[in-house]
Amino acid sequence: METLIKSGSIITASESFTADILIENEIIKSIGQDLKIGPDGVIINAEGLNVLPGGVDVHTHFDLPMFNTVSSDDHYTGHKAAAFGGTTTVMDFISQDDEDLIKNVNNWHRKADDKAAVDYGFHMNISKFNDRVAKELPLLQKEGINSLKVFTAYNDRLRLMDGEIYQVMRIAKENNLLVMVHAENGDVIDYLVKKALSEGKTTPEWHALTRPSLGSVESVYRVISLAEQTGAPVYIVHMNTKGGVDHVRNARQSGLPVMGETCPQYMFFTEEDLKREDGTKWVCSPPMRSKEDNAGIWRAVMDGTVQVMATDHCPFYYDGTKPIEYEGQMIAILGKELGKDDFTKIPNGLPGVGDRLLVLWTYGVVSGKISANQFVELTSTNPAKIFGLYPKKGTLMPGSDADITIWDPDKEIIFGTKFSKQRTDYNLYEGWKLKGTIEKVFLRGNLIVDGSEWLGKKGMGEYINCKDISIL
Ligand code: URP
Ligand code: ZN
Ligand code: ZN
């Protein structure tokens, strides 16, 4: 099966030019001028349209159990939402529910494999550490997993102690694994949460007020120091403070293998949003910060201190007692209302997998903050390179998977739940005016999104065995 995308404005991380792309058997066969196709092939005229590599979102939580519910997108609905938002590869975090690491991996495959609608890989959470886990960490590579997430917060649930993180980093260094860190100060949070509750402070803003930004800044510095002591590279997930990215910038300037990821929510929203009547919608961890932090994150995105724009997609309904229609069925999944009287019971996490590219295009590229090439670098090429998916994913070149998005750069829309296909009842960017829409999405040469039409299928997404990690 051949497809020819004709005369599109191709944008990669390094260049922009007008050319044709010939796809054969799911792979990009050639890119050039006046390419020819056989009589049975499909021709798509992309004149005046932008042609970009499919987005790579390396931070999602589909079907993640939390408190008395589960994140409301599973590995099908979340993948479909990703596709409509131009993302064709996702990486999800495996929960460590069992000491036997491979058992956890198999458990995540059981959740994902039959549902997957875009290509996907996994990271492994390490939230319990002992001799057995230490021995099993290198076994993950045979499963195609080269990245581990550790937490300096979520005491008594997910957190590892500093000495344990140090040991994980030593093993990671020996085995070429990448340690990803959720950086906040768990002890300070624990104390402040107990104090707030004892004083009857239960509204959503207390979620942010009990998770101070300086705890995150300090924790970023701490894990950079642990990384320096062990020689292991480190990747800080969902960066959210100016002070945190300043530490990453300094570390990188000193030549340390330190990388950073952020997500759009930390560039647009502040803890003030949690004070709104519907403030639970903005509850995620780490929380929203200040305007100065927003600006600091933008600067880090613009100057390359942060290499990756992901989403931390972990959606919950705002009101999970009310069903919404999804593919012809009415579905209700308990959500943020669980914590309406107690901020510690609000499931933490936000929708975003389908919003990331559209929002960043308007507010990053159209606004002139970043170039279109930087946009591709942040949202597709860099994450693919870091996590060993490149050049299969993350670029447009002969031999790469034909994961391609075709954009109309001039079309303006009013964004929100009507556009975004995330399975939840709200959108953080409801009513935002966006310029630039995604018209067609190809996954390995298969057209899966055509305007508002969904042509993808459950199970067509392929698991990716990640190759070696790279340090950018
Ligand atoms: O609030 C969030 N981000 N929930 C997902 C888990 C995590 O820490 O990334
Ligand atoms: Zn996290
Ligand atoms: Zn996360």
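None of these values were measured; they are calculated from a predicted model. Sequence order sets the numbering: in each chain, residues are counted from 1 along the sequence as written. Ligands are numbered from 1 and chains lettered from A, in the order in which they are written. Per-residue local features are limited, in this predicted model, to residues with pLDDT of at least 70; the limit for side-chain atom pairs, both in listing and counting, is 80 or more; totals at the level of whole chains, interfaces and linings are taken over all residues. Side-chain measures here rest on the full set of heavy atoms in the structure, leaving out hydrogens and waters.

## Focus: the overall build of the protein
Right, on to step 1. Per the convention used, a helix needs a DSSP run of H or I reaching at least four residues, while a strand needs a run of E reaching at least two, with both numbered from the N terminus. Counting its regular elements, the protein contains twelve helices and 21 strands.
Right, on to step 2. In terms of overall size, the protein behaves like a compact globule, its C-alpha atoms giving a radius of gyration of 21 Å where 472 residues would be expected to give roughly 23 Å.
Right, on to step 3. Judged by the C-alpha coordinates and their principal axes, the protein covers about 70 × 50 × 40 Å.
Right, on to step 4. Buried residues are those whose accessible area, probed at 1.4 Å on protein chains only, stays under 20% of the maximum for their type, while exposed residues exceed 50% and partly exposed ones sit between those limits. Counting the 472 residues in the protein, one finds 61% classified as buried.
Right, on to step 5. Note on contacts: a residue pair is in contact if any heavy atoms of the two residues lie within 4.5 Å. Considering only contacts within the protein whose residues lie at least 6 apart along the sequence, 76% involve residues at least 24 apart.
Right, on to step 6. Carbon and sulfur atoms make up 50% of the accessible area of the protein, which amounts to about 17,500 Å² in all.
Right, on to step 7. The positive count covers Lys and Arg only, the negative count covers Asp and Glu only, and His and the chain ends enter neither. Charged groups are reduced to one reference atom each: NZ for lysine, CZ for arginine, CG for aspartic acid, CD for glutamic acid. Taking the average place of the 51 positive charges on the side chains of the protein and the average place of its 65 negative ones, the gap between the two points comes to 2 Å. All radius of gyration figures rest on C-alpha atoms, and the globule criterion is 2.2 Å times the number of residues raised to 0.38. Computed by Shrake-Rupley with a 1.4 Å probe, the accessible areas treat only the displayed protein chains as cover when residues are assessed.

## With respect to the coordination of the zinc ion (ligand 2)
Right, on to step 1. For Na, K and Ca the donor cut-off is 3.2 Å; for every other metal, N, O and S atoms count as donors within 2.8 Å. Water does not enter the count, which can leave sites looking incomplete. Lys149 (NZ), His182 (ND1) and His238 (NE2) make up the full set of protein donors to the zinc ion (ligand 2), lying at 2.1 to 2.3 Å.
Right, on to step 2. Sequence positions of the residues that donate to the zinc ion (ligand 2) give the spacing K-x32-H-x55-H.

## A look at the pattern of salt bridges
Right, on to step 1. Criterion for a salt bridge: a side-chain nitrogen of Lys or Arg within 4 Å of a carboxyl oxygen of Asp or Glu. One pass over the structure, following the stated rule, counts 38 salt bridges.
Right, on to step 2. In this structure, Asp74 and Arg423 form a salt bridge, with 3.9 Å as the shortest nitrogen-oxygen distance. Taken together, the residues Asp74 in the loop between strand S8 (69-70) and helix H1 (77-84) and Arg423 in the loop between strand S18 (404-414) and strand S19 (433-443) connect sequence positions 349 residues apart. Both residues of the pair, Asp74 and Arg423, belong to the buried class.
Right, on to step 3. With its nearest N and O atoms 3.0 Å apart, the salt bridge here joins Asp319 to Lys322.
Right, on to step 4. Shared partners join several salt bridges into a network, and the residues in it are Glu26, Asp119, Lys392, Lys393, Asp401, Asp403, Arg444 and Glu462.

## As for the nonpolar core
Right, on to step 1. Residues enter a nonpolar core if they are buried and are Ala, Val, Leu, Ile, Met, Phe, Trp, Tyr or Cys, with the set joined through side-chain atoms within 4.5 Å. One finds Ile126, Leu137 and Phe375 to be the most contacted residues of the largest nonpolar core, which totals 111 residues.
Right, on to step 2. Ranked by the residues each element gives to this core, the list is headed by helix H11 (residues 356-366), at six residues.
Right, on to step 3. Domain limits in this description derive from either an automatic procedure or a database domain assignment. When residues are assigned to domains, this core turns out to be shared by domain 1 (2-52 + 396-454) and domain 2 (54-377), each giving three or more.
Right, on to step 4. Setting aside its immediate chain neighbours within four residues, Ile126 contacts Gln96, Leu101, Val133, Leu137, Leu148, Lys149, Val150, Leu158, Leu160 and Val168.
Right, on to step 5. In terms of nonpolar packing, the next biggest core, distinct from the first, is built from 18 residues, Val58, Met91, Phe93 and Ala384 among them.

## Thoughts on the environment of Glu143
Right, on to step 1. One can find Glu143 in the loop between helix H3 (131-136) and strand S11 (147-151).
Right, on to step 2. In this structure the C-alpha to C-alpha distance between Glu143 and Asp293, which are 150 residues apart in sequence, comes to 38 Å.
Right, on to step 3. Each residue touching Glu143, except ones within four places of it in the same chain, is listed here: Ile102, Val105, Tyr463 and Asn465.

## Quick word on the packing of helix H7 (residues 213-230) against helix H8 (residues 242-253)
Right, on to step 1. Axis geometry follows a simple rule: fit a line to the C-alpha atoms, using only the stretch in contact for helices, then measure angles between N-to-C directions, giving values from 0 to 180 degrees. For the pair H7 and H8, interaxial distance at closest approach is 7 Å and the crossing angle is 25°. By the criterion of interaxial angle, the relationship of H7 to H8 is roughly parallel. Considering how the two elements wind past one another, H7 and H8 form a crossing that is right-handed. Residue-level contacts link Val217, Val220, Tyr221 and Ile224 of H7 to Gly243, Gly244, His247, Val248 and Ala251 of H8. To sort the angles, those under 35 degrees are grouped as roughly parallel, those over 145 as roughly antiparallel, those from 65 to 115 as roughly perpendicular, and the leftovers as oblique. The crossing is said to be left-handed when, going from far helix to near helix, the turn is anticlockwise and less than a right angle, and right-handed when the turn is clockwise.

## Some points on the coordination of the zinc ion (ligand 3)
Right, on to step 1. Around the zinc ion (ligand 3), the donor atoms from the protein are His59 (NE2), His61 (NE2) and Asp312 (OD), and they sit 2.0 to 2.1 Å away.
Right, on to step 2. Within one chain, the residues donating to the zinc ion (ligand 3) are spaced in sequence as H-x1-H-x250-D.
Right, on to step 3. A spacing of 3.7 Å is found between the zinc ion (ligand 3) and the zinc ion (ligand 2).

## A word on the side chain of Asp278
Right, on to step 1. Along the chain, the position of Asp278 falls in the loop between helix H9 (265-268) and helix H10 (291-302).
Right, on to step 2. A relative accessible area of 14% places Asp278 in the buried class.
Right, on to step 3. N or O atoms within 3.5 Å of each other form a polar contact, as long as, within protein, one can give a hydrogen and the other can take it, and as long as residues adjacent in sequence are counted only when both atoms are side-chain atoms. A polar contact of 3.0 Å, which involves the side chain of Asp278, links it to the side chain of Lys281.

## Digging into H1
Right, on to step 1. Most of H1 is tucked away, with eight of its eight residues classed as buried.
Right, on to step 2. Of all the residues in H1, the buried ones are Thr77, Gly78, His79, Lys80, Ala81, Ala82, Ala83 and Phe84.
Right, on to step 3. Contact partners of the buried residues in H1: strand S9 (87-94), strand S10 (119-125), strand S16 (324-326), S19, strand S20 (446-450) and strand S21 (453-454).

## Comments concerning the side chain of Thr424
Right, on to step 1. Note on placement: Thr424 falls in the loop between S18 and S19.
Right, on to step 2. A relative accessible area of 5% means that Thr424 is categorised as buried.
Right, on to step 3. A distance of 3.0 Å separates a polar atom in the side chain of Thr424 from the backbone oxygen of Phe316.
Right, on to step 4. Within the local environment of Thr424, its side chain forms a polar contact with the side chain of Asp425, the two groups lying 3.5 Å apart.
Right, on to step 5. Contact partners of Thr424, with chain neighbours within four places excluded, come to Ser72, Pro315, Phe316, Tyr317, Tyr318, Ile324, Pro351 and Thr417.

## Some remarks on the packing of aromatic side chains
Right, on to step 1. Working definition: a ring pair exists when centres of Phe, Tyr or Trp rings (six-membered ring for Trp) sit within 6.5 Å. Plane angles under 30 degrees give stacked, over 60 give edge-to-face, the rest tilted. The final tally for this structure, using the stated rule, is 21 aromatic pairs.
Right, on to step 2. With centroids separated by 5.7 Å and ring planes inclined at 65°, the aromatic side chains of Phe151 and Tyr154 adopt a geometry described as edge-to-face. Side by side, Phe151 and Tyr154 carry an identical accessibility label, which is buried.
Right, on to step 3. One aromatic cluster is present, built from ring pairs that chain together Phe268, Phe269, Trp282, Trp298, Tyr363, Tyr429 and Trp432.
Right, on to step 4. Just above the ring of Tyr318 sits the side chain of Lys281; from NZ or CZ to the centre is 4.8 Å. Each ring is checked for a lysine NZ or an arginine CZ that lies within 6 Å of its centre and within 35 degrees of its normal; such an atom marks a charge sitting over the ring.

## Details of the site of ligand 1
Right, on to step 1. Neighbouring ligand 1 are the residues His59, His61, Lys149, Tyr154, His182, His238, Cys284, Ser285, Asp312, Cys314, Asn348 and Gly349.
Right, on to step 2. In the complex, the protein chains occlude 96% of the 270 Å² of accessible area that ligand 1 would expose alone.
Right, on to step 3. Counted by class, the shell around ligand 1 contains three nonpolar, seven polar and two charged residues. Near residues are defined by distance, with any heavy atom within 4 Å of the molecule or strand qualifying the residue. Residues are grouped as follows: nonpolar covers Ala, Val, Leu, Ile, Met, Phe, Trp, Tyr, Cys and Pro; charged covers Asp, Glu, Lys and Arg; every other residue, Gly included, is treated as polar.

## Focus on the state of the cysteines
Right, on to step 1. Disulfides are defined in this document as cysteine sulfur pairs within 2.5 Å. Under the definition given, this model contains zero disulfides.
Right, on to step 2. No disulfide involves Cys263; its sulfur sits 8.3 Å from that of Cys284, the nearest cysteine.
Right, on to step 3. Among the cysteines around Cys314, which has no disulfide bond, Cys284 carries the closest sulfur, lying 9.5 Å off.
Right, on to step 4. According to the relative accessible area criterion, Cys314 is buried, its value standing at 4%.

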